[in-house]
Amino acid sequence: MPRIVRAAAIQISPVLGDDGLGTARKVCQAIRDAAEKGVKLAVFSETFVPYYPYFSFIQPAFRLGSEHLELYKRAVIIPGPVTDMVAEAARDTGMVVVLGVNERDFGTLYNTQIIFDATGDILLKRRKITPTYHERMIWGQGDGAGLKVVESAVGRIGALACWEHYNPLARYALMTQHEEIHCAQFPGSLVGQIFADQMEVTIRHHALESGCFVVNATGWLTDHQITEIASDPALEGPLRGGCFTAIVSPEGKLLGAPLTEGEGMVIADLDFALITKRKRMMDSVGHYARPELLSLLQDRHPTRTVRYVGEPSPDGAALTPSDEAAS
């Protein structure tokens with residue numbers, strides 16, 4: 001039987017200045033709108049809830065304090081009200097949802113990707129391993145525990161955020177787990193056309209190299225939002241362009257026209273027969289690999305700031321006093 005999944009890469013604007021739930025409500029409405037079109041996988045942009053920290057790109061670090069604190073107030077606790085809302089929408093529509101959020105874990109914010117299964121269950125919560133440039137003032141670092149591909153109602157899904165796609169070993173970690181659909185997230189409305197051009201190269205190359213589909217979503221800022229965030233016309237330029245919401249086949253082809261401005265969604269039917277067609281020619285983790293020459297070492301242990309003697313470690317082994325003394 002042919003295996004075909006209808007996917008949507010969704011580009012919409014966040015809700016700014018509310019209680020932090022407005023963007024989540026907009027996500028849920030977009031999920032229901034996509035369901036009416038037969039969509040079974042929906043991907044949203046990087047840290048879309050409550051919003052990407054655009055302010056950090058155009059303001060010097062010493063001025064970020066008040067807006068950074070506002071982001072803390074609106075950030076997402078996992079589990080919490082936002083994940084409950086999105087889980088309900090996923091469950092009601094029978095849809096797999098990939099959502100980017102600003103996650104608050106006590107005193108630190110993280111750039112986090114959440115994969116909800118069609119049942120509403122959270123299959124994966126992963127944190128961007130290295131925030132990029134200005135983002136390092138906003139988020140903490142993730143770890144290797146999230147570099148996983150998960151089995152979902154629509155297939156084997158992996159996810160990376162933005163410039164993680166420029167880390168070939170991070171991409172390869174997912175490729176070795178045979179991802180069938182790769183969900184990419186970028187902020188959008190940032191840097192300008194060059195960012196959109198680079199994004200296209202990046203996602204099309206990953207599709208070819210991994211032999212999987214790539215569903216890429218970027219965000220969008222309205223003119224009013226750009227003016228509100230910039231507060232100075234001279235700073236508005238860096239908040240325009242840089243959108244490339246698109247879906248790519250395992251052969252590197254764009255499935256439909258990409259969305260480079262405005263709100264909307266790119267929808268495509270993913271025919272999994274194309275994965276085998278591509279990998280028959282070039283399977284970078286199979287017959288085209290040379291593991292005796294080149295291989296990857298990955299640490300999947302979650303980062304821990306304390307370890308307790310006698311408590312099972314992430315690998316299931318209890319730490320003994322002698323282990324502690326040696327560490």
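- An unreviewed UniProt entry annotates the chain as Aliphatic nitrilase of Acetobacter oeni.
- Taken directly from UniProt, the Sequence similarities (unreviewed entry) text for the chain runs: "Belongs to the carbon-nitrogen hydrolase superfamily. Nitrilase family."

### Focus on the side chain of glutamine 11
Working step 1: Structurally, glutamine 11 is set in strand 1 (residues 4–11).
Working step 2: We classify glutamine 11 as buried; its relative accessible area is 0%.
Working step 3: Look past the residues within four positions of glutamine 11 in its chain and what remains in contact with it is Thr218, Gly219, Trp220, Cys243, Phe244, Thr245, Leu259, Thr260, Glu261, Gly262, Glu263 and Gly264.

### Topic: the layout of surface pockets
Working step 1: The space that makes up the largest pocket amounts to roughly 380 Å³.
Working step 2: In this structure, the largest pocket is lined by 16 residues; those nearest its centre are Arg127, Asp143, Ala145, Pro302 and Thr303.
Working step 3: For the lining of the largest pocket, the element with the highest residue contribution is strand 5 (residues 122–127), accounting for four residues.
Working step 4: Here the lining of the largest pocket is composed, by residue class, of four nonpolar, five polar and seven charged.
Working step 5: As a volume, the second largest pocket reaches approximately 310 Å³.

### Section: the pairing of strand 4 (residues 108–116)
Working step 1: With eight of nine residues buried, strand 4 lies mostly within the body of the structure.
Working step 2: Relative to strand 4, strand 3 (residues 96–105) runs antiparallel, the two being bridged by nine bridges. Residue glutamate 103 lies in a different strand from strand 4, and its bridge partner there is tyrosine 110.
Working step 3: Between strand 3 and strand 4, which pair antiparallel one after the other, the connecting turn spans two residues, and phenylalanine 106 there sits at a positive phi close to 55°.

Calculation rules
- Residues numbered from 1 in each chain as written.
- Predicted model: local features only at pLDDT ≥ 70, side-chain atom pairs only at ≥ 80, totals over all residues.
- Heavy atoms only, no water.
- UniProt positions renumbered as here; feature names shortened; annotations may be inferred.
- Helix = DSSP H or I, 4+ residues; strand = E, 2+ residues; numbered from the N terminus.
- Buried < 20%, exposed > 50% of the residue type's maximum accessible area, 1.4 Å probe, protein only.
- Contact = heavy atoms within 4.5 Å.
- 1 Å grid on protein atoms, 1.4 Å probe; cavity = no way out; pocket = protein on both sides within 12 Å on 5 of 7 lines; lining within 4 Å.
- Points joined across faces, edges and corners; volume = space filled by probe spheres on them.
- Nonpolar A, V, L, I, M, F, W, Y, C, P; charged D, E, K, R; others polar.
- Pairing = 2+ DSSP bridges.

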